[in-house]
Amino acid sequence: MSTLTQILMTGVLQGLIYALIGLGLYLIFSVMRVVNFAHGFFVLIGMYGLLWVAPTSFGAYVAGTLVVVALAGVFGYVVERTLIEATLQKPGHAQLVITISLGLAMQYAFQIAFPEPYQKIANPWPFDAIQVLGVTVGSGRLAAGVVSLVLALAVSWLVYRTRFGALMRACSQSLEGAVHVGINYTRVYRATFALGAAIAAIAGALLIPFQPVSPHLGLDLTIKAFIVVVVGGSESMWGVLSAGILLGIAEAAGSILVSGSLATSAIYLLFLAVILVRPQGLVLRRKVSTS
Amino acid sequence: MDTALLVEQFSVWRGRSEIVRSIDLTIPGGSLVALVGSNGAGKTTFIEGVLGILPTRATRFELFGEDVRGRKPWDLVNSGLVVVPQERRLFPAMTVAENLDIVQTKTTRSDGVTYTRDELYDLFPRLRERATNFAGTLSGGERSMLAMARGLALRPRLLILDEPSLGLAPVVIDSIMATIREVSQTGLSILLVEQNVHQALSMSSWAHVLDAGAVVASESSDDLRGSQLLESGYLGVVPAGEEKGIG
């Protein structure tokens, strides 16, 4: 029984972070139709950024996070303007090559800048591990899960309740329509990409107190973000959220029930199973005809 | 009356092909002008060129006397050039009301026609009934109406309507054409692009005929109606009694 609660507790909390990372990828994909293979490396910006800041107090952690996230947003904006924009009119493999190259470049840049692998920061949260239903939950993990959930809801509010969100949805539903009503879609694209990068960096800042970082983690997180978006059904934010939680639970179950490296394969098995059974994704919007 | 749109030696490319070849065309302000031509004559290509979606070249391209060569589509829309496209290009997962809301421009332009939400719904009563429905669930006629309402909400100075009657039932076409006439009477400059030649000519004061990417005639609609161009089947309109079956 306590094993089950352990799996669920760890899985849900970790899954919420995966959902947040996936949400950034999902926004960029659904608005711009760009598949960003560098997305996991944007998470590393948050992780290494906070590692470099090395906050010793909660205040420093929050301030450091805000600065790093803002810089990640600027970085995303510049990447969109210089690299992605040039590929938009080209076939899909151009974006593939550009974003994979960017990811690899970032990976090696991190490797050079931070040669010491598997570091993390001291717990910045002003509370200790707590007991929930007989399971001990680390403060970093608990805070990361809760903050991720809040941010996911905030992103949903942004998309469905604000003017910027309406512009994003317009570009997503009909780019030609957006052009005909005078929406400057290049601006919307830049802002969306910057937002996606910033969300990824926040996730990184939430991960670093309990997840040791190494440059290879970027690819791992990219793949997990992909799983979340594909399994969730690329048309729904709620699908992304539930797929993230499912992924977290699968990973937690894998790591507790089977030995170490098999845990990762449990994730991919789940991914495979869902793709075979429901290739359209878990959650689908009711079909409305386009045009 | 001033000139709404003036192009000289205007060419539009689609990919590597020059589809519209060096045409001259004028739309006088405050009038309803028709652009007719058979399927594939380059009418839609011309419009997409004017809106800045496709690459163009011109010696003159003026909107209300202002040189607008090289402007981006969103700048042209903000200057009052509004295109209601043939494919409608609505936002299918937004409601009718949201489709109209999205166009709130930040411009401080005081010219151009201004329609409040209620006035748009009075113009298209069907849209008021469907205000909370998703645009993707609308019928063909309703889509055409919503596309036109969305165009009017953008406060156009020149409204270009690309095949508003395409694929619609005759009774719906009549209603949409009546609305276009009503809108035109407010003094808004309209370019009506139609395959439905007779209908377009009966409504417009002036007409340009496009064939194979070139303007082959520009004359008053009344003159054109009785002219050889129509009689010879140039516009894809076969005169009565000459229809031939296959075989």
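What you see is a predicted model, and the numbers here were worked out from it, not measured in a lab.

About the thresholds
- For every chain, the first residue of the written sequence is number 1, and numbering continues from 1 onward in sequence order.
- Each chain takes a letter, starting from A, and each ligand takes a number, starting from 1, following the order in which they are written.
- Totals for whole chains, interfaces and linings use all residues, but because this is a predicted model, local features are given only for residues with pLDDT of at least 70 and pairs of side-chain atoms are given and counted only at 80 or more.
- Under the DSSP-based scheme used, a helix requires at least four consecutive residues in state H or I and a strand at least two consecutive residues in state E, with every element numbered from the N terminus.
- Three exposure classes are used, all based on how many other C-beta atoms lie within 10 Å of a residue's own C-beta (placed from the backbone): buried at 20 or more, exposed at 12 or fewer, and partly exposed between those limits.
- Placing a C-beta atom from the backbone of each residue, one calls two residues in contact when those atoms lie within 7 Å.
- Each residue gets one label: Ala, Val, Leu, Ile, Met, Phe, Trp, Tyr, Cys and Pro are nonpolar, Asp, Glu, Lys and Arg are charged, and the others, such as Gly, are polar.
- Any two strands with at least two DSSP bridges between them are considered paired.
- Whether a crossover is right-handed depends on one test, that the path from the first strand over the helix to the second runs clockwise when the strands point away from the viewer.
- pLDDT gives the predictor's per-residue confidence on a scale running from 0 to 100.
- Axis angles are defined between N-to-C directions and span 0 to 180 degrees, where every axis is a line fitted to C-alpha atoms and, for a helix, only to the segment in contact.
- For classification purposes, an angle smaller than 35 degrees is called roughly parallel, one larger than 145 roughly antiparallel, one from 65 to 115 roughly perpendicular, and anything else oblique.

**Student:** Could you give me a rundown of the overall build of chain B, with the residues and numbers involved?
**Tutor:** Broken down by element type, chain B carries ten helices and eleven strands. Each of the 247 residues in chain B was classed as buried or not, and the buried ones make up 42%. Here the analysis covers contacts within chain B between residues at least 6 apart in sequence; of these, 69% occur between residues at least 24 apart.

**Student:** Describe the interface of chain B and chain A, with residues and values.
**Tutor:** Each side of the interface is counted separately: chain B has 23 residues, and chain A has 18 residues. At four residues, helix 2 (residues 73–78) of chain B tops the list of elements feeding residues into the side of chain B that touches chain A. When its residues are assigned to classes, the side of chain B that touches chain A shows 15 nonpolar, four polar and four charged.

**Student:** Outline the pairing of strand 9 (residues 189–194) of chain B, listing residues and values.
**Tutor:** Residue and element names in this part refer to chain B. When you tally the buried positions in strand 9, you get six out of six residues, the bulk of the element. Side chains Ser189, Leu191 and Val193 project from strand 9 onto one buried face, and the interleaved Ile190, Leu192 and Glu194 project onto a second face that is buried too. Across five bridges, strand 3 (residues 32–36) lies against strand 9 in parallel orientation. Bridge pairing in strand 9 links Ala34 to Leu192. In the sheet, strand 8 (residues 158–162) pairs with strand 9 via five bridges, with the strands oriented parallel. Bridge assignment links Leu161 to a residue of strand 9, and that residue is Leu192. On the question of chirality, the crossover connecting strand 8 to the parallel strand 9 by way of helix 7 (residues 170–184) is right-handed.

**Student:** So what's going on with the confidence of the model for chain B? Residues and values would help.
**Tutor:** Residues and elements named next belong to chain B. In the predicted model, chain B carries a mean pLDDT of 89, and 89% of its residues have values of at least 70. When pLDDT is averaged over each element of chain B, strand 8 comes out on top at 97 and helix 10 (residues 228–231) at the bottom at 67. The low-confidence segment residues 238–247 (pLDDT under 50) makes four contacts with residues lying over four places distant or belonging to another chain. Note on the complex model: pTM 0.91, ipTM 0.90.

**Student:** Provide a residue-level description of the packing of helix 1 (residues 2–32) of chain A against helix 9 (residues 217–232) of chain A, including the pertinent values.
**Tutor:** Helix-helix packing: each pair is described by the crossing angle between the helix axes and the interaxial distance. Residue and element names in this part refer to chain A. At a minimum axis separation of 8 Å, helix 1 and helix 9 run at an interaxial angle of 70°. By the angle class used here, helix 1 and helix 9 are roughly perpendicular. Contact residues: helix 1 offers Tyr18, Ala19, Ile21, Gly22, Leu25, Tyr26 and Phe29, while helix 9 offers Leu221, Lys224, Ala225, Val228, Val229 and Gly232. In the contact of helix 1 with helix 9, the residues fall into ten nonpolar, two polar and one charged.

**Student:** Explain the sheet that holds strand 11 (residues 214–220) of chain B residue by residue, including any values.
**Tutor:** All names here are of chain B. Across the sheet, six strands lie side by side as 7-8-9-3-10-11; this open sheet has mixed pairing. A single partner strand is all that each edge strand has here, and the edge strands are strand 7 (81–84) and strand 11. Direction aside, the axes of adjacent strands within the sheet are offset by 15° on average. Two strands pair when backbone bridges link them, and strand 10 (residues 206–211) and strand 11 are joined in this way by six bridges, in the antiparallel orientation. Bridge pairing links Ala207 to Glu219 in strand 11. Sitting on the sheet, helix 1 (residues 43–50) touches strand 3, strand 7, strand 8, strand 9 and strand 10, and the angle it makes with strand 8 is about 145°. Each of strand 7 and strand 8 is contacted by helix 6 (residues 140–153), which is oriented at about 175° to strand 7, the strand it contacts most.

**Student:** Go over the environment of B:Thr26 with me, naming the residues and quoting the values.
**Tutor:** All names here are of chain B. Here Thr26 lies in strand 2 (residues 17–28). Since 15 C-beta atoms lie within 10 Å of it, Thr26 is described here as partly exposed. Through-space distance from the C-alpha of Thr26 to that of Asp75 is 21 Å; in sequence the pair is 49 residues apart. Apart from residues lying up to four places away in sequence, Thr26 is in contact with Thr3 and Leu6.

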